[in-house]
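Fold and contact review
Listed below, chain by chain, are the residues.
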Amino acid sequence: MADEVLAHRTKMTRLSPRQRDNIAGYLFTLPWIIHFLLLIAGSMIFSFVISLTRTDLLTGWEFIGLDNYTRLYNDNLFWKSLRVTAYYTFALVPMGIVVGLSIAVLLNQKVKALGLWRTVYYLPAVVSGVAVAILWSWVLNPRFGLLNAGLRTLGISDPPRWIFSETWAVPAFIIMGLWGAGGSMLLYLAGLQGIPTQLYEAADIDGANRWTKFWNITIPMLTPTIFFNLLVGIIGSFQVFTQAFIMTGGGPNNATLTMVLYLYRQGFQNLRFGYASALAWVLFFIILIFTLGVVKSSAAWVFYEGELRR
Amino acid sequence: MTTQEQLTTRTQARDWPLVWSKVFGVVGKIVLYGVLGLGAFIFLLPLLWMISTSIKPEALAYNVPIIWIPAEPTFRAYTEGWRTLPFDLFYRNTILMTVVNIVGIVLSSSLVAFAFARIRFWGRDTYFFILLATMMLPAQVTLIPIYVIWARLGGVNSYWPLIVPQWLSNAYNVFLLRQFFMTISPEMDDAARIDGAGWLRIYSQIIMPMSKPALGVIAIQAFAWNWNEFMGPLIYLSETRKYTISIGLRLFQTQQSQKMPETMAMSLVALVPVLVMFFVAQRYFIQGIVLTGVKG
C-alpha cells in the first residue's frame, strides 16, 4: 500500500510543473466540460437533428428534411407569435431603460434615506415568477382590479379590459414589466456614482446648465450601462413565457401568444417535438440577429472612457 | 451687442441663481421628494393590495371601490387555501431542491472559476471565450433535446433533471466568480505554493475563505432563481406530490382562479421566503446586480 502511494507520488513528480497545471486546469473545469459537451454542444446538434424530424418521442422518428422550417414559414400563428414578442420587446425594453434611468437619476440627487428608497424601487424586481403573474392577473382584472380602480379614481369611467382585450393585453404585460424596472435602476445608480465629479466641475466653469450636463456628460458616461441593459433586456424579453402562460394562456384570440409559449404548446402539449425544435432555432437566430445588431451599433453610440486614452 | 452689455448679461446670469438658488433649492427638493414618493407609492401598491386582499373576507374582496383595511381581518383565505392542496409538501420539495442546488452551484462554479482565474493551462483563454459565448444561447434551444435524453434515461418525473445540470456549473456564475477571484492578490497563493500546497489546498484554504462576499452573491441569486423556477418543474414533474411551489401554485390557480383572497394568500405564501431573504441579505442582492453589470 505504502509502496503504491510512493510509486504514485514519484510518477506525479516526474511530470513537469506545466504538465501538472494542464492536468489540474482540466480537472478543475471538469464540471463545465461535461456541461458544455452534453448540455450545450451535444444538445445543440441533437436539437438540430430533432428539428429535421417528425416525432412525438413515443411512436418513433420520421426524417422529413427541412419540412418543419418551410411549414413554419407558412404558419400564421408563428408569424403572429413573432409579432407579439417583437411588440412586447421593442416597447418594454426602451421604456424600461427610461424608467430605470429616471429613478436612478432622481435617487442620485443626494436624497435622504437613499437605502430605503432603493429598497422600495428594487423590491418588485426581486419577486418574480408564478406568484407575481397571479398577483398581476388580479391587478389587471377589469372589474375588481387595482389598476382600473385607480383609473376610475382618476376619472376614466371606461378603462380598458386589459388582459381580456386583444388590443390592451400586450400593453398590460408591458406595464407589468415596467413594474420590475427597478432591477436596472441599481445598475444605473452604480454607473452614476462612478462618473468622475471633475467632469461636472469642468462643465460648471464653462457655464453649462443642468440640461447640457445631463446630455453631454451623464448620458455618454452611462452608455456602457445602457448598452448592457439593452442587450440583457432584448434577450430576456424575447423569451417571455410565464406571464403569458399563467395570465392569458396566449389569449384572447392569440393576442399574447409569445414565441416561447407557442414553442411550449407545440412541443409539450401537441407533442410535435420536431416542429418545436425548429421554432427554437428560429427564435435563437432572431435573438442572435438583434443581439449582433445592437453590438455592431454600439461602436457608434457607446462611449468607453478607456478609449479616450488610446 | 457691445462687450459692456455682454458683461452685464453675464453677471446677471451669474447673480440670478445666487438670489434664487435657495428658493429653487427648496422648491426643487419638494418636487424631487414628491415625485420619488409618488413613484414609490405606485411601485408598492400592488404588493400592499395583495396583502390587504389576502386578509379580507370573501365578500369584501370584490367591493368597488377598494376597501383597503377590512374592519374584521381574517386569515381564513390562508387556512382554506393551504388545505386545498398539499402546500406543506410543495414547500418541503422546493426547499430541498433549492438547498441541494445552491450547494451544487457554489461548489461547481467556484471550482471552474478558480481554474480560469489562477491556473495557467493549455487553451485556457480560448476555452474561456467559448464559455462567455454560450451565455447568448437561449435555453429553449437545448430544452427539447435535454428532455429527450432524460426521457430515455427514465428521469422524467424525478428531480434529477432539475439538479444535475446545476451541479455542472454555469457560464454566468463562473464568469462572476472568476472576475472576483482575479481581484484577490496572488501573493498568498504563491507563498503557499512555495510551501508545497497543491491547487486544491489553495482553492479551499485561501481563495474560498477570502471570497465569501462573492459566494454569498452567487448563493442568494441561486436561491431566488431556484425558488421561482417554473419551466423546469413544469416540464419534468408530473405527480402532484413531487410539485415545487411554483407549479403547485399554478395548479392552485387553475382550480381556484375565481377566489381572489385565496389565490392572493397562497401567492404571498410563495413569495415570503424570497422577500425575507431579500431583507436579510439585501447587501448581497445589490452587490450581485452591480457586480454583473457595471463592467458590461
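Residues numbered from 1 in each chain as written. Chains lettered and ligands numbered in written order. Predicted model: local features only at pLDDT ≥ 70, side-chain atom pairs only at ≥ 80, totals over all residues. Heavy atoms only, no water.

1. Points about the overall build of chain A
Our working rule: A run of DSSP states H or I qualifies as a helix once it reaches four residues; a run of E qualifies as a strand once it reaches two. Both are numbered from the N-terminal end. Within these notes, the globule rule equals 2.2 Å times the number of residues to the 0.38 power, and the radius of gyration is based on C-alpha atoms. The rule is simple: take the accessible area with a 1.4 Å probe, protein chains only, and divide by the maximum for that residue type; under 20% is buried, over 50% is exposed, in between is partly exposed. We call two residues contacting when some pair of their heavy atoms lies within 4.5 Å.
Secondary structure summary: chain A contains 16 helices and two strands in total. What you see for chain A is a C-alpha radius of gyration of 26 Å, clearly larger than the 19 Å of a compact globule of 310 residues, by over 25%. With the C-alpha coordinates aligned to their principal axes, the bounding extent of chain A is approximately 85 × 60 × 40 Å. Residues counted as buried form 51% of the 310 residues belonging to chain A. Across chain A, contacts joining residues at least 24 apart in sequence account for 65% of those joining residues at least 6 apart.

2. Some details on the overall build of chain B
If you tally the helices and strands in chain B, you get 15 helices and zero strands. Against the globule reference of 19 Å for 296 residues, chain B gives a C-alpha radius of gyration of 27 Å, more extended than a compact globule. Taking the principal axes of its C-alpha atoms as reference, chain B extends roughly 85 × 70 × 35 Å. Expressed as a percentage of the 296 residues in chain B, the buried residues total 50%.

3. Details of helix H5 (residues 76-107) of chain A
Here is the rule we go by: Helices are assigned an expected span. That span is 1.5 Å times one less than the residue count. For the purposes of these results, a polar contact is taken to be a pair of N or O atoms within 3.5 Å, where, inside protein, one atom must be able to donate a hydrogen and its partner to accept one; residues adjacent in sequence count only when each atom of the pair is a side-chain atom.
With 32 residues, H5(A) should cover 46 Å at 1.5 Å per step; its first-to-last C-alpha distance of 46 Å lies within 8% of that length. Its side-chain oxygen 2.9 Å from the backbone nitrogen of A:Leu77, A:Asp75 forms the N-cap of H5(A).

4. Looking at the packing of aromatic side chains
Residue and element names in this part refer to chain A. Put simply, the rule reads: Any two of the Phe, Tyr and Trp rings considered here, Trp counted by its six-membered ring, make a pair once their centres fall within 6.5 Å; the pair's planes then place it as stacked at under 30 degrees, edge-to-face at over 60, or tilted in between.
All told, the structure shown has 51 aromatic pairs over all chains when counted by the stated rule. Ring geometry for Phe90 against Phe238: centres 6.1 Å apart, planes inclined by 80 degrees, an arrangement best described as edge-to-face. In this pair, Phe90 is assigned in helix H5 and Phe238 in helix H12 (residues 210-238), connecting sequence segments 148 residues apart. Relative accessible area serves as the criterion here: at 39%, Phe90 is assigned to the partly exposed category.

5. Points about the interface of chain A and chain B
Put simply, the rule is: Buried area: the accessible area, evaluated with a 1.4 Å probe, that two parts lose upon being put together, summed over both parts. Here a salt bridge means any side-chain nitrogen of Lys or Arg lying within 4 Å of a carboxyl oxygen belonging to Asp or Glu. Three categories are distinguished: nonpolar for Ala, Val, Leu, Ile, Met, Phe, Trp, Tyr, Cys and Pro, charged for Asp, Glu, Lys and Arg, and polar for the others, with Gly belonging to the last.
Each partner contributes residues to the interface: chain A has 84 residues there, and chain B has 92 residues. Approximately 7,700 Å² of surface area, both sides summed, lies buried where chain A meets chain B, with 79% of it carried by carbon and sulfur atoms. Among the residues of chain A in contact with chain B, A:Phe28, A:Trp32 and A:Trp138 are the three that bury the most area, contributing 11% of the side total. Summed over the shared surface of chain A and chain B, the number is one salt bridge. Note that A:Asp21 and B:Arg193 form a salt bridge whose closest N and O atoms lie 3.8 Å from each other. Among the elements that line the side of chain A that touches chain B, the one with the most residues is helix H3 (residues 30-51) of chain A, at 13 residues. Taken together, the residues that form the side of chain A that touches chain B break down as 60 nonpolar, 18 polar and six charged.

6. A word on a nonpolar patch on the surface
Residues and elements named next belong to chain B. We count it as follows: Only residues whose relative accessible area exceeds 30% and that form no salt bridge enter a patch; like-charged residues are grouped when within 9 Å of one another, and nonpolar side chains (Val, Leu, Ile, Met, Phe, Trp, Tyr) when within 5 Å. Calculation of accessible area relied on Shrake-Rupley with a 1.4 Å probe; when residues are assessed, cover is drawn exclusively from the protein chains displayed.
Taken together, the side chains of Ile95, Val99, Val100, Val103, Leu107 and Trp167 define a hydrophobic patch exposed on the protein surface, amounting to about 470 Å² of accessible area. When you line up the elements, Val99 lands in helix H4 (residues 87-118). The exposure class assigned to Val99 is partly exposed, which follows from its relative accessible area of 47%.

7. Some words on the domain arrangement of chain B
Residue and element names in this part refer to chain B. Counted only if it meets this: Those domain boundaries reflect an automatic or database domain assignment.
For chain B, the assigned domains are domain 1 (3-76) and domain 2 (81-293). The C-alpha centroid of domain 2 is placed 37 Å from the C-alpha centroid of domain 1. Each partner contributes residues to the interface: domain 1 has 10 residues there, and domain 2 has 11 residues. The junction of domain 1 with domain 2 conceals about 950 Å² of combined surface from both sides, 74% of it contributed by carbon and sulfur atoms.

8. Focus on the side chain of B:Gln253
Here B:Gln253 shows up in helix H13 (residues 245-256). On the basis of relative accessible area, B:Gln253 is assigned to the buried category, the value being 12%. Contact partners of B:Gln253, with chain neighbours within four places excluded, come to A:Ile134, A:Ser137 and A:Ile246.

9. Some words on the environment of A:Ile235
Residues and elements named next belong to chain A. Mapped onto the elements of the fold, Ile235 is located in helix H12. Separated by 28 residues in the primary sequence, Ile235 and Leu263 place their C-alpha atoms 16 Å from one another. Discounting chain neighbours no more than four positions away, the residues touching Ile235 are Ile287 and Thr291.

10. A closer look at the packing of H4(B) against helix H10 (residues 199-210) of chain B
Residue and element names in this part refer to chain B. Put simply, the rule is: Axis angles are defined between N-to-C directions and span 0 to 180 degrees, where every axis is a line fitted to C-alpha atoms and, for a helix, only to the segment in contact. Convention used here: angles under 35 degrees read as roughly parallel, angles over 145 as roughly antiparallel, angles from 65 to 115 as roughly perpendicular, and any remaining angle as oblique.
Direction vectors running N to C along H4 and H10 enclose 105 degrees, while the axes themselves pass 11 Å from each other. Taken together, the axes of H4 and H10 are roughly perpendicular relative to one another. Residues Leu107, Ser110, Leu111, Phe114 and Arg118 of H4 form the contact with H10, whose own contacting residues are Trp199, Ile202, Tyr203, Ile207 and Met208. Taken together, the residues of the contact of H4 with H10 sort by class into eight nonpolar, one polar and one charged.

11. What about the domain arrangement of chain A?
Residues and elements named next belong to chain A. The assigned domain composition of chain A is domain 1 (2-51) and domain 2 (70-309). Centre-to-centre separation of domain 1 and domain 2, based on C-alpha positions: 40 Å. Each side of the interface is counted separately: domain 1 has five residues, and domain 2 has six residues. Carbon and sulfur atoms make up 70% of the surface buried where domain 1 meets domain 2, a total of about 420 Å² over both sides. Counting the contacts that link domain 1 with domain 2 gives one residue pair in polar contact (both at pLDDT 80 or more). When the residues that make up the side of domain 1 that touches domain 2 are grouped by side-chain class, the tally is three nonpolar, two polar and no charged.

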